[in-house]
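Topology and contacts: notes
The residues making up each chain are set out below.
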Amino acid sequence: MTARTTFGKPILRREDSRFLKGKGVYVPDIRLPGTAEAVVVRSPHAHALISDIDVSEAAAAPGVVAVITARDLTDTGVYRPYHKSPPAFADLLQPLEKGHDVPLLAAERVRRVGEPIALVVAENRYLAEDAAGLVRVDYEPLEPVLDAEAGLRSDAPVIHEELEDNVQSRVRVEVGDPEGAMATADHTAAFRFTIRRQIGSPLGTRAVLARFDPEEGCLAVWSATQMQHLARKVIGGILRLAEDRIRVVCPDMGGSFGGGVYYEDILIPYLARRLGRPVRWTEDRRENLVNARHARDQIHEVEVGFDDRGRILSLRDRILVDMGIANFYGLVVPYNTISHLKSQYRIDNYEAEATCVITNKTPNAPARGAGRVTAAFVIERVLERVARRLDLDPAEVRRINLIPSDAMPFDTGVPYRDGKPSVYDSGDFPAQFEMALEGIGYHDFRARQARLRAEGRYVGIGIAAHMEGTGFGPPESAIVRVDGTGAVTILSGSNNHGQSHETTLAQVCADALGVDIDTISLRDGDTALIRHGGGTFASRTAVTGSMAVAGAATELRQKAIEIAAGLHGLDARGLTVVGGVIRDGSGARITTLAEVARRAGDGTGDGASPGEEARLEAIGSFASPTVTWASGTHAVTLEVDRDTGHVRLERYVIAHDAGNIINPAVVEGQIVGGVVHGIGNALSEEAVYDDAGNLLTGSFTDYRLPRAVDVPPVEVLHQEFPSALNELGIKGCGEGGTVGAPAAIVNAVEDALRPLDLRITEMPLQPEKLLRYIHEAEAE
């Protein structure tokens, strides 16, 4: 690597100007001649048999192009969950994993409210909506299964017959001797914690546009997806079309927070091929809340053994995960919970088992902080209860349990999802903890809290630590090229939908190639740009995407130096590139990257043949050997209105380690945004179903996201402990703000209400729910 001149600098986001000027291009903005619009007809029942579907009236409606149901899908493959545990993981832990298919369109039975039954295609959205209301479906309602515990009952309806029961998967981990340590502990306790279902809720809803060229046999798809290469693979497999005949483009997106490949990503390309014209589908907000990115929804039965000082000697957890009607991501979410539950604490004896249960609800998928939010909530609630049981300061209980700095790197004893040991690669957790406490003014707050309690006010302080395994997943690829004008282009297999890739990847490239950042542009989210791409998820692009760019840029710089040396009869070892200029050891100008690209283009260098475009390029690919571990400690102060149950956050501090930081401003934006997401998870966001399986929170009136007035000042304090797993020393940071926030906030709420001696066992804590806790405590 060359000297770092832009890496580590808080450069302003280069993508902001485009968005602020309204020049973003989203799927609904793309206009193709002859595009028809599709509307999905969805089930109003959570569980029912379909006795008849009559589309005749809809098909005859004005402007209708086509109406399709399951019986039309005779030339497609099977849609089934596409994530399987890696062989190393499966061989090591021997999990139970049962496969099942998911119909693209329900044929004989519907299994959730919102399940697609038919698609209506018309000349415009209005006509399609009108015609969709004319599709007649006769149902025979069945008993729904609406939570994981109900799904385990011996008399529960079996939702997928091929599974034989409603258990789709199960995995268990044991470290040390949890049973023996529990038996000899000074104290034991048992708790039940419930983390309710929540929804990703990005700013932009989903949309898909597809066009098929029958002469070339090629399919083009524009989709609001995080993983264009995975979408291409799934679409090709189900539509029986070779991947090299499919192009998937992800234009600008209004966020994501999780997801994957949905029914519509396959059905709309199918329709475009069938009809021979472009077809678009755009999701409305209610569709989004009912059908996309549900998450959390876990029950934990926890046993803990501890000594008189509060040291955790043994921890056991039995986890139930409500997966909805399908588990598209296998053990990703439940095992994230298991592998992160020990957090920053040294717990030598540990056992956890997670069971994934199929129910008649929307599929449970990874959303920001997938599995980790629930892990942090559980372990931090346990530590709070231990401190209360022993009448100790919660901060002291954490200090005695934190992994010491001299134990790093630290092997937790728990394998990660790749089957490799979970080894915290670097960090200083005790120093991070003290940084957060000092930042929030912990001791001063305790003194102020005593005075305010005497005045009848309920103020509290909460602490929570988190770990975040980052950089996981398939290799990421990048191409870096320079043309005859000196312009540098990065082609990335990742997908930028709010993570600032146009800025951070350019910073990495500028230093590695030796050019000014203003000469660099980024193109991504398009399978036509680069053959292989992993996509953007799991806090991975800072690690994998940056290293792929750095590798390509470094190779390109060396290639240019060698061409320049050959052209000028110099020793390549003495040449450098600074500001796009190739210089010798004395600093004298030899040539430029632009000139080398031009010479390569005219055949006098080692690049393109005469007549080809004048450019030089190199490709890089990177897969992290295993995950890099980011970490953080959250501290929050707040006040609870005892009469209304309203919680007002006062201050929020997070001390965070993301390794070497590419751009501090971007990292702070990611962390603060994550904290805001966590505030909603803690205090307001809950997907509530009625007894018939209808989502009652199907609008932002009822599913309440955090507002600006709900967010306190957030201060981010940086640690930088480089990871040894990549040359840049980077760790990811996309989810950590969310991971620890709900635990810290709920701890602070319970601390505020300590005079009432209540015990909070769930999240989120809406005002009405908190009032119930208060009234029950008063009654006792």
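Parameters at a glance
Residues numbered from 1 in each chain as written. Predicted model: local features only at pLDDT ≥ 70, side-chain atom pairs only at ≥ 80, totals over all residues. Heavy atoms only, no water. Helix = DSSP H or I, 4+ residues; strand = E, 2+ residues; numbered from the N terminus. Rg over C-alpha atoms; globule rule 2.2 N^0.38 Å. Buried < 20%, exposed > 50% of the residue type's maximum accessible area, 1.4 Å probe, protein only. Contact = heavy atoms within 4.5 Å. Lys, Arg positive; Asp, Glu negative; His and termini not counted. Charge placed at Lys NZ, Arg CZ, Asp CG, Glu CD. Expected span 1.5 Å × (residues − 1). Core = buried A, V, L, I, M, F, W, Y, C linked by side-chain atoms within 4.5 Å. pLDDT = per-residue confidence, 0-100. Disulfide = S-S within 2.5 Å. Salt bridge = Lys/Arg side-chain N within 4 Å of Asp/Glu carboxyl O. Polar contact = N/O pair within 3.5 Å; in protein donor to acceptor, adjacent residues only side chain to side chain. Phe/Tyr/Trp six-rings, centres within 6.5 Å; stacked < 30°, edge-to-face > 60°. Lys NZ or Arg CZ within 6 Å of the ring centre and 35° of its normal. Pairing = 2+ DSSP bridges. Right-handed = clockwise from strand over helix to strand, strands pointing away. Axes fitted to C-alpha atoms, helices over the stretch in contact; angles between N-to-C directions. Parallel < 35°, antiparallel > 145°, perpendicular 65-115°, else oblique. Left-handed = near helix turned anticlockwise from the far one by under 90°. Nonpolar A, V, L, I, M, F, W, Y, C, P; charged D, E, K, R; others polar.

From N to C terminus, the protein chain includes 20 helices and 30 strands. Taking 780 residues into account, the globule formula puts the C-alpha radius of gyration at 28 Å, and the protein chain, at 28 Å, falls close to it. Considering only C-alpha atoms, the protein chain reaches an extent of 85 × 75 × 50 Å along its principal axes. Within the protein chain, the proportion of its 780 residues that are buried is 62%. Across the protein chain, every contact between residues at least 6 apart in sequence was considered, and the portion connecting residues at least 24 apart equals 80%. The positive charge centre, built from 83 side chains, and the negative charge centre, built from 109, are 2 Å apart in the protein chain.

Quick look at helix 20 (residues 767–779) now. Look at helix 20: 18 Å from first C-alpha to last across 13 residues, which is about the 18 Å you get at 1.5 Å a residue. Taken residue by residue, helix 20 has Lys-769, Leu-770, Leu-771, Tyr-773, Ile-774 and Ala-777 as its buried positions. Looking at the packing, one finds that the buried side of helix 20 touches strand 9 (187–199), strand 27 (628–640), strand 28 (647–657), helix 19 (736–752) and strand 30 (762–763).

With that out of the way, let us pick up the nonpolar core. Ranked by internal contacts, the top residues of the largest apolar core, which has 109 residues, are Ile-745 and Val-749. For this core, the element with the most residues is helix 11 (residues 372–390), which contributes ten residues. In this structure, Ile-745 is in contact with Val-636, Leu-638, Leu-649, Tyr-652, Gly-678, Ile-679, Ala-682 and Leu-683, ignoring residues within four places of it in sequence. One finds Cys-509, Val-543, Ile-590 and Val-596 within the second-largest nonpolar core, a separate group that totals 44 residues.

This next bit is on the confidence of the model for the protein chain. For the protein chain, mean pLDDT is 93; residues scoring 70 or higher make up 97% of the total. Throughout residues 603–612 the model reports pLDDT below 50, and contacts reaching past four residues in sequence, or to other chains, amount to 17 contacts.

On to the state of the cysteines. Under the criterion given, the structure shown has zero disulfides. Between Cys-509, a free cysteine, and Cys-733, which holds the nearest cysteine sulfur, the sulfur-to-sulfur gap is 20 Å. Of all cysteine sulfurs, the one in Cys-250 lies closest to Cys-733, which takes part in no disulfide; the gap is 20 Å. The class for Cys-733 is buried, based on a relative accessible area of 11%.

Within the secondary structure, Glu-15 is located in the segment before helix 1 (16–20). Lacking a salt bridge, the buried Glu-15 has Arg-13 as its closest oppositely charged neighbour, with an N-O distance of 4.5 Å. A polar contact is formed between the side chain of Glu-15 and the side chain of Thr-503, at a distance of 2.6 Å. Sequence-distant contacts of Glu-15, defined by excluding residues within four places in its chain, comprise Asn-496, Ser-500, His-501, Glu-502 and Thr-503.

Two descriptors summarise a pair of aromatic rings, namely the distance from one centre to the other and the angle between the planes of the rings. Following the criterion strictly, the structure yields eight aromatic pairs and no others. Taking the centre distance of 5.0 Å and the plane angle of 65 degrees together, the rings of Tyr-424 and Trp-629 count as edge-to-face. Of this pair, Tyr-424 sits in strand 18 (residues 421–424) while Trp-629 sits in strand 27, and the two are 205 residues apart along the sequence. Residue classification places Tyr-424 among the buried residues on the basis of a relative accessible area of 1%. On the basis of relative accessible area, Trp-629 is assigned to the buried category, the value being 0%. Through a chain of ring-to-ring contacts, three or more aromatic side chains come together here, namely Phe-410, Tyr-416, Tyr-424, Phe-429, Phe-472 and Trp-629. Of note, Arg-206 hangs over the ring of Tyr-262, and the distance from its end group to the ring centre comes to 4.1 Å.

Of the strand pairs in this sheet, strand 28 and strand 29 (residues 714–719) are connected by six bridges, and their pairing is parallel. Note on strand 29: the bridge partner recorded for Asp-657 is Gln-719. Considered for its hand, the β-α-β crossover made up of strand 28, helix 18 (residues 664–683) and strand 29 is right-handed.

A separate point is the packing of helix 18 against helix 19. Contact pair helix 18 / helix 19: the axes reach a minimum separation of 7 Å and the direction vectors enclose 40 degrees. Our classification of the angle between helix 18 and helix 19 gives oblique. Classified by chirality, the crossing of helix 19 by helix 18 is right-handed. Along the contact surface, helix 18 presents Ile-671, Gly-674, Val-675, His-677, Gly-678, Ile-679, Asn-681, Ala-682 and Leu-683, while helix 19 presents Gly-737, Thr-738, Ala-741, Pro-742 and Ile-745. Among the residues forming the contact of helix 18 with helix 19, the class breakdown is eight nonpolar, six polar and no charged.

As a further point, take the sheet that holds strand 8 (residues 167–175). Across the sheet, seven strands lie side by side as 4-8-16-15-14-9-30; this open sheet has mixed pairing. With one partner strand each, in any of the chains shown, strand 4 (96–97) and strand 30 form the two edges of the open sheet. Pairing analysis gives eight bridges linking strand 15 (residues 312–322) to strand 16 (residues 350–357), with the strands arranged parallel. Paired with Arg-316 across the strands is Glu-351, a residue of strand 16.

Moving on, we get to the environment of Leu-383. Structurally, Leu-383 is set in helix 11. Take Leu-383: its relative accessible area is 0%, and that puts it in the buried class. In this structure the C-alpha to C-alpha distance between Leu-383 and Arg-398, which are 15 residues apart in sequence, comes to 7.2 Å.

Another point: the pattern of salt bridges. In this structure the tally under the stated criterion is 62 salt bridges. A salt bridge links Arg-192 to Glu-149; its shortest N-O distance comes to 3.0 Å. On the criterion of sequence distance, the pair formed by Arg-192 in strand 9 and Glu-149 in helix 5 (residues 148–151) is long-range, its members being 43 residues apart. Here Arg-196 ties to Glu-762 by a salt bridge, and the two come within 2.9 Å at their closest N and O atoms. A residue pair is termed long-range when its members are at least 10 positions apart, and Arg-196 in strand 9 and Glu-762 in strand 30 qualify at 566 residues. A residue is classified by how much of its surface remains accessible, and Glu-762, at 5% relative accessible area, is buried. A cluster of three or more residues bridged by salt bridges with shared partners is formed by Arg-172, Glu-174, Glu-303, Arg-316, Arg-318 and Glu-351.

Moving on to the packing of helix 15 (residues 501–513) against helix 16 (residues 541–568). Across the interface, helix 15 lies against helix 16 with an axial gap of 8 Å and an inter-helix angle of 35 degrees. In the crossing of helix 15 with helix 16, the sense of the turn from one axis to the other is right-handed. Contacts between helix 15 and helix 16 involve His-501, Leu-505, Val-508, Cys-509, Ala-512 and Leu-513 from the former and Thr-541, Gly-545, Ser-546, Val-549, Ala-550, Ala-553, Thr-554, Leu-556 and Arg-557 from the latter. Residue composition of the contact of helix 15 with helix 16, by class: nine nonpolar, five polar and one charged.

Taken in spatial order, the four strands line up as 22-21-20-26 in an open sheet, and their pairing is mixed. Looking at the sheet topology across the chains shown, the edges are occupied by strand 22 (520–524) and strand 26 (615–622). The mean inter-strand angle of the sheet, taken between neighbouring strand axes irrespective of direction, is 20 degrees. Across five bridges, strand 21 (residues 488–492) lies against strand 22 in parallel orientation. Looking at strand 22, one finds that Ser-492 is bridged to Asp-524.

Before going further, it helps to spend a moment on the environment of Leu-267. Looking at the element boundaries, Leu-267 is found in helix 8 (residues 263–275). Its relative accessible area of 2% is what places Leu-267 among the buried residues. In the structure, Leu-267 is positioned 32 residues away from Ile-235 in sequence and 9.0 Å away in space, judged by C-alpha atoms. Residues in contact with Leu-267, not counting those within four places in the same chain, are Leu-73, Leu-104, Leu-105 and Leu-119.

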